[in-house]
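# Descriptive structure summary
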Amino acid sequence: MSNQLLTTFRIAILVATTALFATTSSNAGVLYDQTLGAAGNGETSQRFGPANDTFSNEGADDFVVPAGGWTVRSIDVLGVITVNPIPPANRGVINNVDITFYADSSGQPGSTVIASFNDVRPTIQDSLGDFTVNLPCEVNLAAGTYWLSVVVDEDLATFGQWSWETTADLSYFGTSFAHWRNPGMAFGNGCTDWTVRTACLTSSDPNNVFALHDSLQGCISVFPYQEDFEVCEGQWQIMDLGGVVSPTWTRGMPSPPFGAPLNGSANAFWTNGGLTIPAGENSVVMSPCFDFSNLSNPEISIDIFADALNGGLNGAVLQASTDGGVTWQNVGSNTSSTNTTTGPSSNWFDITNLTPNGAGGQNVSHWSTNGGWLNATHLLTDPSGTTSLGGQSNVTLRIAFRSNLAVSGAGFAFDNIIIREGPDSDLAVTDVTSPVSGC
């Protein structure tokens, strides 16, 4: 780091900001709110890249979970981005955030990590440095004291410097003041391990500004999106649509006869534990919401396994909603054909309907039996396969499963979901003929 950047960096440890946190879509599901009373100051909490790694540092603040516990699904963070000599197009765009929940140890972050997520892209952010992160996995916390660490992982030379806004409001005092550390010792303040932040840096404000939610905030808008369910459910949720039996879905390593998923995956979503499919299940696994505003022809790739569904009686289907789950429609049909980045759509539904009741309330086109893991691809469209969901800002997907007859078999499984921009044109290649002489 040059002397000029070093000076700029140290001046920017404490920054003034008038940023107002207005990026969250709603206040619904707030578990803990420490966003009021911001003091207009901020303290560094950032990884700066290899060239300046000795300056990389981490801030954390505590909070108390009451009896009954919490399930945290998203967080709001107030911050500020300082002006550095960086390309204008990069300013204010935070691509990578590291989130860690630590157990408390005698009034400071302990060595026990409850949950940790690296390189998470904010779902909502403004140009000032405020952002909302939907956690890749929900975090279940029993009653007790915990520490939230938020670190922006962006290179100083190409991004600039982010600081976590602070508050002087002592009503937020959990069990300790916010803590901070700089393992590389570049700041020269001796705080190489967790230390009360006010003893390390210039601000006297005791706490950082953040909020915890038990619901997701905003929709996923960064593509390609990929979820392999290896670590957790990825915010896909199992729901009962009023079946006679409870949902049999689980996430984990599929039992025989499913076998290992494709692409070396160990875990997937699957039904009934590989045992007899019960009659009367009516359930779904629902995705987080997606914002396709910047996609013209979104497509999906999904690995599926349909086993012994007794064609015409038991089956599964992919459905989409653009109105927050009020109404649902199938994505394509067993006769629709769309052009994808890997060629014509493939393995997309194999029967026309279920009798007497269809999955997800739609008695048309389902997956029934394919005898092994297959990769299915299709543009995300209406049932006809002709109208794209591109441009829609609030799209939720779900895999719906319905069983009308008890039968020995595994049921249905899915894994390795990829959502990305498809081809510009929906023209499928049906034949390729070698040029003749003279062409």
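Remember, predicted model here, so these are calculated numbers, not experimental data. (Residues numbered from 1 in each chain as written. Predicted model: local features only at pLDDT ≥ 70, side-chain atom pairs only at ≥ 80, totals over all residues. Heavy atoms only, no water.)

### So, the overall build of the protein
The helix and strand inventory of the protein stands at one helix and 32 strands. The buried share among the 439 residues of the protein stands at 52%. Surface accessibility of the protein: about 17,600 Å² in total, with carbon and sulfur atoms responsible for 52%. (Helix = DSSP H or I, 4+ residues; strand = E, 2+ residues; numbered from the N terminus. Buried < 20%, exposed > 50% of the residue type's maximum accessible area, 1.4 Å probe, protein only. Areas by Shrake-Rupley, 256 points an atom, 1.4 Å probe, with all protein chains shown as cover.)

### Regarding the side chain of T271
Along the chain, T271 falls in the loop between β21 (268-270) and β22 (276-277). T271 sits in the buried class, given a relative accessible area of 0%. One polar contact links T271 to N272, side chain to side chain, over a distance of 3.3 Å. Of note is the side chain of T271, whose polar atom sits 3.0 Å from the backbone nitrogen of F412. Apart from the residues within four sequence positions on either side, T271 is in contact with T248, W249, F258, F401, A410, G411 and F412. (Polar contact = N/O pair within 3.5 Å; in protein donor to acceptor, adjacent residues only side chain to side chain. Contact = heavy atoms within 4.5 Å.)

### Comments concerning the packing of aromatic side chains
On inspection of all chains with the given rule, the structure shows 30 aromatic pairs. Chaining the aromatic ring pairs together yields one cluster made of Y32, F63, W70, F101, Y146, W164 and F210. The residue whose ring lies beneath R398 is W328, and the NZ or CZ to ring-centre distance is 4.1 Å. (Phe/Tyr/Trp six-rings, centres within 6.5 Å; stacked < 30°, edge-to-face > 60°. Lys NZ or Arg CZ within 6 Å of the ring centre and 35° of its normal.)

### Things to note about unusual backbone geometry
Cis geometry is adopted by the peptide bond preceding P224, which originates at F223 and carries an omega value of 5°. Relative to the helices and strands, P224 is located in the loop between β17 (210-213) and β18 (225-227). Of note, F349 is a non-glycine position whose phi angle comes to about 60°, a positive value. Residue position: F349 is located in the loop between β28 (343-344) and β29 (374-379).

### Brief notes about the side chain of E43
Examined against the element boundaries, E43 turns out to sit in strand β3 (residues 38-44). Within the buried set, E43 has no salt-bridge partner at all; the shortest N-O distance to an opposite charge, 4.3 Å, is to R197. (Lys, Arg positive; Asp, Glu negative; His and termini not counted. Salt bridge = Lys/Arg side-chain N within 4 Å of Asp/Glu carboxyl O.)

### Section: the state of the cysteines
All told, the structure shown has three disulfides when counted by the stated rule. C137 shares a disulfide with C232; S-S distance 1.7 Å. In this structure the cystine formed by C137 and C232 twists about its S-S bond by roughly -85°; its chirality is therefore left-handed. One end of the pair, C137, is in strand β11 (residues 131-141); the other, C232, is in the loop between β18 and β19 (237-240), with 95 residues separating them in the sequence. Note on accessibility: C137 and C232 belong to one class, buried. Disulfide partner of C219: C289, at an S-S distance of 2.0 Å. Around the S-S axis, the bridge from C219 to C289 shows a dihedral of about -105° and counts as left-handed. One end of the pair, C219, is in the loop between β17 and β18; the other, C289, is in strand β23 (residues 282-290), and 70 residues separate them in sequence. Judged on exposure class, the residue C219 and its partner C289 are both buried. The connectivity of the disulfide-linked cysteines in the protein, indexed sequentially, is 1-5, 2-3, 4-6. (Disulfide = S-S within 2.5 Å.)

### Description of the pairing of strand β32 (residues 411-421)
Residues in a regular strand project their side chains so that they alternate between the two faces of the sheet. When you tally the buried positions in β32, you get nine out of eleven residues, the bulk of the element. Pairing geometry for β18 and β32, over three bridges, is antiparallel. If you follow Q226 over to β32, its bridge partner there is I418. As paired strands, strand β24 (residues 298-307) and β32 are joined by nine bridges and run antiparallel to one another. From the neighbouring strand, F305 faces β32, where its bridge partner is A413. (Pairing = 2+ DSSP bridges.)

### Overview of the pairing of strand β7 (residues 79-82)
Of the two faces of β7, the one holding G79 and I81 and the one holding V80 and T82 are both buried throughout. In the sheet, β7 pairs with strand β13 (residues 161-167) via four bridges, with the strands oriented antiparallel. The residue of β13 that forms the bridge with I81 is W162.

### Some thoughts on the sheet that holds strand β26 (residues 329-330)
Taken in spatial order, the five strands line up as β19-β23-β30-β25-β26 in an open sheet, and their pairing is antiparallel. Edge strands, defined here as strands with exactly one partner in the open sheet, are β19 and β26. Relative to strand β30 (residues 395-403), strand β25 (residues 314-321) runs antiparallel, the two being bridged by eight bridges. The residue of β30 that forms the bridge with N314 is S403.

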